[in-house]
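# Structural features, examined
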Amino acid sequence: MVVDDVKKEQQEKARPKIKNKIENIDEYETIYVGYPNWWGEMPMILYTFFEDYDLSNKTIALFCTSGESGLSDTEKTIQVLEPSAPMVKGLYVSKLASKEATSDVKEWVNEIK
Ligand SMILES: Cc1cc2nc3c(=O)[nH]c(=O)nc-3n(C[C@H](O)[C@H](O)[C@H](O)COP(=O)(O)O)c2cc1C
């Protein structure tokens, strides 16, 4: 069950492997990272991602879906993992309103560009 798996991964501080390697990450200036909020945390595989890739001097743009917790402390966590990457204000997409979030997403993306 997903819920149990997530709890176990968090307790064990797991670092699930990422299947594909991004060979040309140097070519990107802005890295958009989207994820669900799981008990106030980002999925553990994102720890793998931020530990594997040095995003120094790239802009990080986070978007997170959740019930009502918003991004919780995930922005702070990621900033610690990527101290030299500027971060724009993350976008919270409510799980309940995700179908109506199109205009919020457009506005957010346009602000970053
Ligand atoms: C294991 C698990 C833990 C979750 N914890 C939270 C939480 O702490 N706060 C919250 O607002 N939503 C929480 N949610 C809801 C998810 O953030 C929400 O289902 C997801 O962002 C929307 O993606 P989905 O449509 O694929 O479920 C949790 C969901 C799961 C499965």
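See above for the structure.
This is a predicted model, so every value here is computed, not measured.

### Let's talk about the side chain of Asn37
Structurally, Asn37 is set in the loop between strand S1 (30-36) and helix H2 (44-52). Among the polar contacts made by the side chain of Asn37, one reaches the side chain of Ser72 at a distance of 2.9 Å. With near-sequence residues (within four places) excluded, Asn37 lies in contact with Cys64, Thr65, Ser66, Ser69, Gly70, Leu71 and Ser72.

### Overview of the site of the ligand
Taken together, Val6, Pro36, Asn37, Trp38, Trp39, Gly40, Thr65, Ser66, Gly67, Glu68, Ser69 and Lys95 make up all the residues around the ligand. Lys95 places a polar side-chain atom, nitrogen or oxygen, 3.5 Å from an oxygen atom of the ligand. In isolation the ligand has 630 Å² of accessible area, and contact with the protein removes 65% of it. Each residue belonging to the shell around the ligand can be placed in one class, and the counts come to 4 nonpolar, 6 polar and 2 charged.

### Describing the side chain of Thr48
By the secondary structure assignment, Thr48 is in helix H2. Dropping the residues within four chain positions of it, Thr48 is found in contact with Arg15, Pro16 and Ile18.

### Some details on the layout of surface pockets
In this structure, the largest pocket spans a volume of roughly 160 Å³. The wall of the largest pocket is formed by Val88, Lys89, Gly90, Leu91, Tyr92, Asp104, Glu107, Trp108, Glu111 and Ile112. Within the residue set of the lining of the largest pocket, elements represented by two or more residues are strand S3 (91-94) and helix H4 (102-112). Here the lining of the largest pocket takes 5 residues from H4, the largest share from any one element.

Cut-off values and rules
- Residues numbered from 1 in each chain as written.
- Predicted model: local features only at pLDDT ≥ 70, side-chain atom pairs only at ≥ 80, totals over all residues.
- Heavy atoms only, no water.
- Helix = DSSP H or I, 4+ residues; strand = E, 2+ residues; numbered from the N terminus.
- Polar contact = N/O pair within 3.5 Å; in protein donor to acceptor, adjacent residues only side chain to side chain.
- Contact = heavy atoms within 4.5 Å.
- Near = heavy atom within 4 Å.
- Areas by Shrake-Rupley, 256 points an atom, 1.4 Å probe, with all protein chains shown as cover.
- Nonpolar A, V, L, I, M, F, W, Y, C, P; charged D, E, K, R; others polar.
- 1 Å grid on protein atoms, 1.4 Å probe; cavity = no way out; pocket = protein on both sides within 12 Å on 5 of 7 lines; lining within 4 Å.
- Points joined across faces, edges and corners; volume = space filled by probe spheres on them.

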